[in-house]
Amino acid sequence: MFKMKKKQKLILKRKIDHIVDQCPGISRETAEEYLKTSNNDVQQAIAKYNAKGGHETDDVESQVLTPKTDATAVPSVNGDTATPKGPPDVPVAVEPTAPEPAVPELVAPEPAAPEPAALEPIVEPEPEPEPAPEPEPEPVAPEPVVEKIPQFDFQHYHSLPRIPIPNRTGSHSLDGFSVEGIISAIQKGSPAADLRDLLSALKKRDANKLEEILNAEVEGFPAVFFVVETNDADLVRYWIKYGGNPNATHGPRRFPLLAFAIMRGIGSRPRATKTVETLLRLGASPHVIPQIYYDPFDRDLRGSWVADEESYVIADDTQPWCTLEVRRHLVTALSLTQRYRLYQASKLNAVSGREQTLVLRKNADEILGLHQTIIGQAMAAYSLRKSFFIHLAMPTRKPLVLLFAGPKGHGKSELANRLGYLLSSELANVDCADFKYEDELFGPKSPQQGYDLGSSLNNFLARNAGRRSIVFMDEFEKFDPTIRSTFLIPFDQGEYTDRRNTQKVDCSKTIWILTTNMFDGIIHEICEGRGETSSNPNLGPEDLTLRRLLGHRLLKESIACFGSPLACRITEIIPFLPFNREEQALLADRCIMEMEAKIAEPIVKATNPDDDKLVGNVHLQMTDNAAVCTHIADNYYLPELGARSISRGVDATITNPLVNWYLEDGDDFTEDQAHTHFRVGMNKSNEVMVWPVTRALDSTTLLDLS
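All values reported here derive from a predicted model rather than from experimental measurement.

### What about the sheet that holds strand β9 (residues 400-405)?
Spatial strand order, β10-β11-β14-β9-β15: 5 strands in an open sheet with parallel pairing. Of all strands in the sheet, those bounded by a partner on one side alone are β10 (427-431) and β15 (572-575). On average, adjacent strands in this sheet sit at an angle of 20 degrees to one another, irrespective of strand direction. Pairing of β9 with strand β14 (residues 510-516), which is carried by 6 bridges, proceeds in the parallel orientation. Bridge pairing in β14 places L403 opposite L514. Seen against the sheet, helix α18 (residues 456-463) touches β10, β11 (469-474) and β14 and runs at an angle of roughly 160 degrees to β11.

Next up, the structure:
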């Protein structure tokens, strides 16, 4: 009961705070009265107040005709008292009052002279004891001066100021490059690679000064806000990697960079999602966003939800930026995948200080955010990261050799690609089914014809000698045993012989990733009956037990399949498990965003019809995001195909109907044709529906429709 009353008081306080925030000049007492007369509806209370011209009470006459006495004086913020004034537009009528009667002084009258009497001995009266002194009242500490936070104006964040190229460099500059000049170049479309090269050069000159530049303010905003505004994840990546603060805030309400990135996604979900993922994996705290918005992550946030009493509990003194207007934008902008990334980041255990120092010294710090780049497969990401840490801490000539085992479409290729991206390492893809002979893979030996040309893999290893690189060999079991035997020396000694010139190549820093689908049945057999895996990125005791069990069993199978000489050279076998229901829905969301980005590109009518791009200038608005994706997952996911089955489901339910609408709508294709808008959501029959809309839907329209 106590907790319930406490929560009700907190909700009431937040509602009054919001009315005071939206109605300048209103007192808290008046705000509470308006709230009571509006059935505790905040918006109705604000509307009533505004309808009366912003007056303090309903009865204006009672306010202006009644003289204020000292007893009704209102303490000001500096401790003085100020008499409340009536509305400035209404003349104050004061009734004449009679003068107050004088209060007589309380003076004792002099006693009358006594009659003379007989002489009697005078007896001195005993002196009365002096009364004890009154205790001095304890001094009352003055009330602290409360600084009023300015009213929040969300319009500031719709479009940041355009920054011209400065005429001269200011205090925040290095080698002639100022923060204003860099931001101006970014706004004009400077690519991420140019920013990376510039920041790398400036860091070598003065790393501390560069960090100061990257965290300076431009036109009152932290510079990183301008970078995030571009929705270019690579620009954001390099800005933070070289010293920018991913937890920057703006203004007295401390509007967080992460919230700004989320709300930039209302018009561009795919790009904004990558930006949010980048900020989180590079250290942005998910806790600046109220937890109620992403835990649980697999529910839809409807427009009416922000008006529920539960949402008022989220705004406390640590989140003064989270006003009702902002909450409405959050509901519209947060996609299923973004909520999942926030949930992941909030649950992920912190790395140790030694692990952090290790990866920083080895220039591999971005691998700490590996979980934030893939969907599910927490066990695989955990195993890969731990193996990599050990390899960095205890370097040997023997390279890191990993076997990714699991069914098709469950993230093996994606995890390898993300590893290469995070390590900024070149990656070579080898489809093992394409090679039947050793010479096809490595190139002919001298003096055979063409030996001096080498091969793609041969030249890749030579080009990356002594450097970190990745070789990804898909379906390794399809190699002929004679080809597999050629890897015994590179896997064991970290050395390879260049076919072009017979020189030794150092491949000790090469990460070899082999994949196989041969053990799918064993993985399903061991996992069956254990229930779905958790979406929590941390491994619990049961997960670690399952990992050890799978490792033992898969090693035995690898020896039987590849032979013990090769199997014993594998550093670790990493299992990939079937996706759970939540992860299946996330896969659907990813497929939808990929399609969304593709159809948003401009129309191209090329000279060669084969180069045409005729479906374009199309924009998609998602409502019921989680419900749509869950419906697709429930009806189309197949464990044997994984993400590929989800992709087929997205095509069947969204892409194909949308393209049909698009083709039936116009007379011809033109590169300057008007933009087309479609909406995707659930109908009353709980089916996915796609239909065109006549205009772009902003956040307010989407809230009304939901």
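Next comes the rest of the account.
### Some remarks on the nonpolar core
Here is a general trend for soluble globular proteins: nonpolar side chains tend to be buried in one another's company. F225 and W239 are the most contacted members of the largest nonpolar core, which has 94 residues in total. The element contributing the most residues to this core is helix α24 (residues 581-599), with 8 residues. Setting aside residues up to four positions removed in sequence, W239 forms contacts with I182, I183, I186, L195, L199, L214, A223, V224, V227 and G244. Grouped together as the second largest cluster of nonpolar side chains are 39 residues, A405, L461, F476 and F487 included.

### Some remarks on the side chain of T273
Summarising the element assignment, T273 is placed in helix α11 (residues 269-281). Classification of T273 by relative accessible area gives buried; the value is 3%. Separated by 3.2 Å, the side chains of T273 and Q338 make a polar contact. Those residues in contact with T273, other than ones at most four positions away along the chain, are S335, T337, Q338 and M593.

### Regarding the packing of helix α13 (residues 336-347) against α24
α24 packs onto α13 with a crossing angle of 130 degrees between their chain directions and a minimal axis gap of 9 Å. Classed by the angle they form, the pair α13 and α24 counts as oblique. As α13 runs across α24, the sense of the crossing is left-handed. Residues L336, T337 and Y340 of α13 form the contact with α24, whose participating residues are A585, L586, D589 and M593. The class makeup of the residues in the contact of α13 with α24 is 5 nonpolar, 1 polar and 1 charged.

Reading the values: rules and limits
- Residues numbered from 1 in each chain as written.
- Predicted model: local features only at pLDDT ≥ 70, side-chain atom pairs only at ≥ 80, totals over all residues.
- Heavy atoms only, no water.
- Pairing = 2+ DSSP bridges.
- Helix = DSSP H or I, 4+ residues; strand = E, 2+ residues; numbered from the N terminus.
- Axes fitted to C-alpha atoms, helices over the stretch in contact; angles between N-to-C directions.
- Contact = heavy atoms within 4.5 Å.
- Core = buried A, V, L, I, M, F, W, Y, C linked by side-chain atoms within 4.5 Å.
- Buried < 20%, exposed > 50% of the residue type's maximum accessible area, 1.4 Å probe, protein only.
- Polar contact = N/O pair within 3.5 Å; in protein donor to acceptor, adjacent residues only side chain to side chain.
- Parallel < 35°, antiparallel > 145°, perpendicular 65-115°, else oblique.
- Left-handed = near helix turned anticlockwise from the far one by under 90°.
- Nonpolar A, V, L, I, M, F, W, Y, C, P; charged D, E, K, R; others polar.

Any link to function would need more than the numbers given here.
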